[in-house]
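Per-entry structural report
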Amino acid sequence: MFYSEPRHRQPLRIISAASTGIMFVFLLGYIYTLFSIYMPFVYFKFIITAGLGFAIGYLTRFLAFAFKITGVQNKILLGVLLSFFTYYFHWIAYILFLMWEKYPDLKTFFSNAGMITRPMFFQIIYNFYSHGAWTLFGIPFKGLALGIVWLIEAFLVFALPVKIILEDKPKPFSFNTNLWYPVYSLSEKFKLNLSKPQLLKQLKENPLTAIEKLGKGSHFDNLNIYLYYLEEEQQQYISFINNRYDKKGNLKTQFIIENFKIDKQTAQKILQKYPYKKNKLRFI
């Protein structure tokens, strides 16, 4: 009854997206290390590390959209690759800083991008772990305590992008045309006067009639209807999102029905009956 993302393996698209993403994460790793070194408090480092994780997550969603990558597993694989390279580039900048006691310029940073191929790369990291690279309240931070900090940092860099990816709503995609479905929003504001099971039952019987039976919404409480319509496909999709303002004036949105399958003829009838506008398909 609902759209399900295809489980096609897309190695070439993932490689292409990751290759493009490396240019961005190269700078992300460089800038992140610069901020983390000169931040005066440890908890600030965790804040910017979380920010880095969110940045990787949204970059992954953008690249998945741009390179037409579908399927959660494919997107997570892309996110893990970008997280790995970001964390790796962070280590290069950090090592260069500690070796020379000054932050490297971009040219030096770029020329050392292949540092992982040198045996000294892991030896330097081990030396940092054993002897410490910085102090906390005058006490060298090393060994297990430093390792735990590194693990927390790595967890944020890898886990937060996965969280952002999993929160991404599936967008209907056509492999026949290699296109995302355009999305049309009905201009009229509706009101949800049925329970979700009741609405779902009516949609199964007749989607157009189900819409006609909805009430008229207000600015503070309304139901938006989105239609994913692609002329070349027989299968189309419709979503219902409820918008409601609470007493504090905060808007709360909730997917009531997401990407319910309807046929092409029904979709055309809906677009003929109700005014609509074509929306930009957003990657976020």
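A short tour of the structure in this document, coming up. (Residues numbered from 1 in each chain as written. Predicted model: local features only at pLDDT ≥ 70, side-chain atom pairs only at ≥ 80, totals over all residues. Heavy atoms only, no water.)

1. Quick notes on the pattern of salt bridges
Summed over the entire model, instances satisfying the criterion amount to 10 salt bridges. K45 is the salt-bridge partner of E153, the closest N and O atoms lying 3.0 Å from each other. Note that E153 is positioned in helix α6 (residues 143–166) and K45 in helix α2 (residues 42–66), a separation of 108 residues in sequence. Both residues of the pair, E153 and K45, belong to the buried class. Measuring nitrogen to oxygen at the nearest pair gives 3.8 Å for the salt bridge that ties E212 to K273. Of this pair, E212 sits in helix α8 (residues 207–212) while K273 sits in helix α9 (residues 264–273), and the two are 61 residues apart along the sequence. Judged by relative accessible area, E212 falls into the partly exposed class, the value being 40%. The network of salt bridges with shared partners includes E5, R61, K75, D168 and K171. (Salt bridge = Lys/Arg side-chain N within 4 Å of Asp/Glu carboxyl O. Helix = DSSP H or I, 4+ residues; strand = E, 2+ residues; numbered from the N terminus. Buried < 20%, exposed > 50% of the residue type's maximum accessible area, 1.4 Å probe, protein only.)

2. Quick look at the environment of L160
You can see L160 is positioned in helix α6. Judged by its relative accessible area of 14%, L160 falls in the buried class. Excluding residues within four positions of it along the chain, L160 makes contact with A50, G53, F54 and F155. (Contact = heavy atoms within 4.5 Å.)

3. Notes on the environment of S36
By the secondary structure assignment, S36 is in helix α1 (residues 11–38). Overall, S36 belongs to the buried group, its relative accessible area being 12%. With residues up to four places along the chain from it excluded, the contact list for S36 reads K45 and I48.

4. Some remarks on the side chain of T70
Take T70: it is sitting in the loop between α2 and α3 (72–100). Accessibility expressed as a relative area gives 0% for T70, which makes it buried. Filtering out sequence-adjacent residues up to four positions away, T70 remains in contact with E5, P6, Q10, K75, F173, F175 and W180.

5. So, the nonpolar core
Ranked by internal contacts, the top residues of the largest apolar core, which has 38 residues, are L78, W91, I95 and F109. Taken together, the elements giving at least two residues each to this core come down to α1, α2, α3, α5 (120–131) and α6. Here the element with the most residues in this core is α3; it accounts for 12 residues. Formed by 24 residues, the second largest nonpolar core is a distinct cluster that contains Y184, F190, I256 and I262. (Core = buried A, V, L, I, M, F, W, Y, C linked by side-chain atoms within 4.5 Å.)

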